[in-house]
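Here's the letter readout for the chains.
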Amino acid sequence: MYEAIVVYTRSMDYDKNGPKAWKKAYLGEKSYRAFIDDLMSNETEWIRFFAHKENSIALMMSLRVITTLASIVTKRGDLENGGEILEIHDKCLTIYRDGCQAENKPNEWHLSLLYDANMARFDLFLKLERHDDNVGVWKELCLHEIKFLPADQHASTNLPMMKTLSEKEGAITVRDIVYFDPDGAVRYFQLIANSDSYKSFCNKEAKRTRLLNCGNCDKEETSLHQFSICTRCKKEAYCSPMCQKAHWKVHKKQCTV
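The following refers to the structure shown. (Residues numbered from 1 in each chain as written. Predicted model: local features only at pLDDT ≥ 70, side-chain atom pairs only at ≥ 80, totals over all residues. Heavy atoms only, no water.)

With that settled, consider the pattern of salt bridges. Pairing is possible between side chains that carry opposite charge, provided their charged atoms lie close to one another. Counted by the stated rule, this structure contains ten salt bridges. Between Arg 64 and Asp 116 there is a salt bridge, with its nearest N and O atoms 2.3 Å apart. Of the two residues, Arg 64 sits in helix H5 (residues 56-76) while Asp 116 sits in helix H7 (residues 107-128), which places them 52 residues apart along the sequence. Under the relative-accessibility criterion, Arg 64 is labelled partly exposed at 22%. (Salt bridge = Lys/Arg side-chain N within 4 Å of Asp/Glu carboxyl O. Helix = DSSP H or I, 4+ residues; strand = E, 2+ residues; numbered from the N terminus. Buried < 20%, exposed > 50% of the residue type's maximum accessible area, 1.4 Å probe, protein only.)

And the structure:
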C-alpha cells in the first residue's frame, strides 16, 4: 500500500493542474494494481484497518489511488474492472465520511474525494450508456462545483466534448436540464455518447492508456510503462533486452528516427 501512496503523492507534486501530473501518475499503475488486488482479496482486514481513526491519512491517500486506477482502466476501455474498483472505493469512502463526522473534520474533505470518484463514475456510465444512472452523478458534480470551485474549474461542463455540444446545440443551460428535466438530461447524455467529438476524445484516452505488446514475443504489459521502448524510433516495445536483441534483425528495417 505504501508504495502506491508514495508513487501517487510524488506524481501529484509534479504538476497539480496539468496533463504532466496524469502522465506521471500513470507510472504508478503497477503499484496501484498490486494494492487494489490486495485490498479486494483481503477486504475485511483492510476495512478493519481503515476504520481506526489513526489510519485516516492512509485511507484518504488510498482513496486517491483507487480513483486514479479506476480512471485509468475506464479510459482504457476495461469497464467491468472500472466498476469493480469504484465499488470498493464507495465502501472505503463511507468509512472516511463516518470518520470525518465523528471527529468533526471539514465535510469538504469527504466531498472532494466523492467528487473525484464521481468524475470517474460519470465517464464509466457514459461509456456503458447508463444514462439514467448518470443523471444523479451529474447533479452531484454540478452541485459540488457551484459550491466549492471557481467557474473556470467546472470540469463537468468544461470537458472538450461538453463545450462542443453545448455550443452546437445552443444548450449551455446543461445544469438546468439536469436539475429540472431528467428526461432532457438523458437525451443530452445520449447526444454526447453518440457524438464524433466524444468518440474522438475516448479514442485519444484509450490510446494514451493502451497496454503495449512486445515486438518480439507479443507478450502484453500488465501495467503502463512496464516495457522498454526502442530509444531510436520510440515506437516498438520490448519486454526484455533479450527480446529486443532477438527482434533487431527484423526491426532495424523499419526503425527510423
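So that's the structure; there's more coming.
With that out of the way, let us pick up the environment of Ile 72. Structurally, Ile 72 is set in helix H5. Taking the C-alpha atoms as reference points, Ile 72 and Ala 120, 48 residues apart in sequence, are found 9.1 Å from one another.

The next subject is the packing of aromatic side chains. According to the stated counting rule, one finds seven aromatic pairs in the structure shown. Pairing Trp 46 with Phe 49 gives two aromatic rings, centres 5.7 Å apart and planes at 90°, and the pair type is edge-to-face. On the criterion of helical spacing, the pair formed by Trp 46 and Phe 49 is a turn pair, its members being three residues apart in helix H4 (residues 43-50). By relative accessible area, which is 25% here, Phe 49 ends up partly exposed. Here the aromatic cluster, defined as three or more aromatic residues joined through ring pairs, consists of Phe 35, Trp 46, Phe 49 and Phe 50. (Phe/Tyr/Trp six-rings, centres within 6.5 Å; stacked < 30°, edge-to-face > 60°.)

Turning to a negative patch on the surface, a few remarks are in order. Residues Asp 78, Glu 80, Glu 84 and Glu 87 make up a contiguous surface patch of negative charge. Summarising the element assignment, Glu 87 is placed in helix H6 (residues 79-102). Its relative accessible area of 54% is what places Glu 87 among the exposed residues. (Patch = residues over 30% accessible without salt bridge, like charges linked within 9 Å, V, L, I, M, F, W, Y side chains within 5 Å. Areas by Shrake-Rupley, 256 points an atom, 1.4 Å probe, with all protein chains shown as cover. Lys, Arg positive; Asp, Glu negative; His and termini not counted. Charge placed at Lys NZ, Arg CZ, Asp CG, Glu CD.)

What follows is about the packing of helix H8 (residues 131-148) against helix H12 (residues 182-193). The geometry of H8 relative to H12 is characterised by a closest axis approach of 9 Å and an angle of 105° between their N-to-C directions. In terms of orientation, H8 and H12 fall into the roughly perpendicular class. Residues His 131, Asp 132, Asn 134, Val 135 and Trp 138 of H8 form the contact with H12, whose participating residues are Pro 182, Ala 185, Val 186, Phe 189, Gln 190 and Ala 193. (Axes fitted to C-alpha atoms, helices over the stretch in contact; angles between N-to-C directions. Parallel < 35°, antiparallel > 145°, perpendicular 65-115°, else oblique. Contact = heavy atoms within 4.5 Å.)

Okay, the packing of H6 against H7 next. At a closest axis distance of 11 Å, the pairing of H6 and H7 adopts a crossing angle of 160°. In terms of their interaxial angle, H6 and H7 are classed as roughly antiparallel. The interaxial crossing formed by H6 with H7 has left-handed handedness. Here H6 contributes Leu 79, Gly 82, Gly 83, Leu 86, His 89, Asp 90, Leu 93, Tyr 96 and Arg 97 to the contact with H7, which in turn contributes Trp 109, His 110, Leu 113, Leu 114, Ala 117, Ala 120, Arg 121, Leu 124, Lys 127 and Leu 128. (Left-handed = near helix turned anticlockwise from the far one by under 90°.)

One recurring pattern in soluble globular proteins is that nonpolar side chains are buried together. The biggest cluster of nonpolar side chains holds 41 residues, and the ones touching the most others in it are Phe 35, Leu 39, Phe 50, Ile 66 and Phe 189. Residue assignment for this core shows that the elements contributing at least two residues are helix H3 (29-41), H4, H5, H6, H7, H8, H12 and helix H13 (196-208). In terms of residue count, H6 provides more of this core than any other element does, nine residues in total. Excluding residues that lie within four positions of it along the chain, Leu 39 makes contacts with Trp 46, Phe 50, Ile 66, Ile 88 and Cys 92. Residues Leu 212, Phe 227, Ala 237 and Tyr 238 belong to the second largest nonpolar core, which totals six residues. (Core = buried A, V, L, I, M, F, W, Y, C linked by side-chain atoms within 4.5 Å.)

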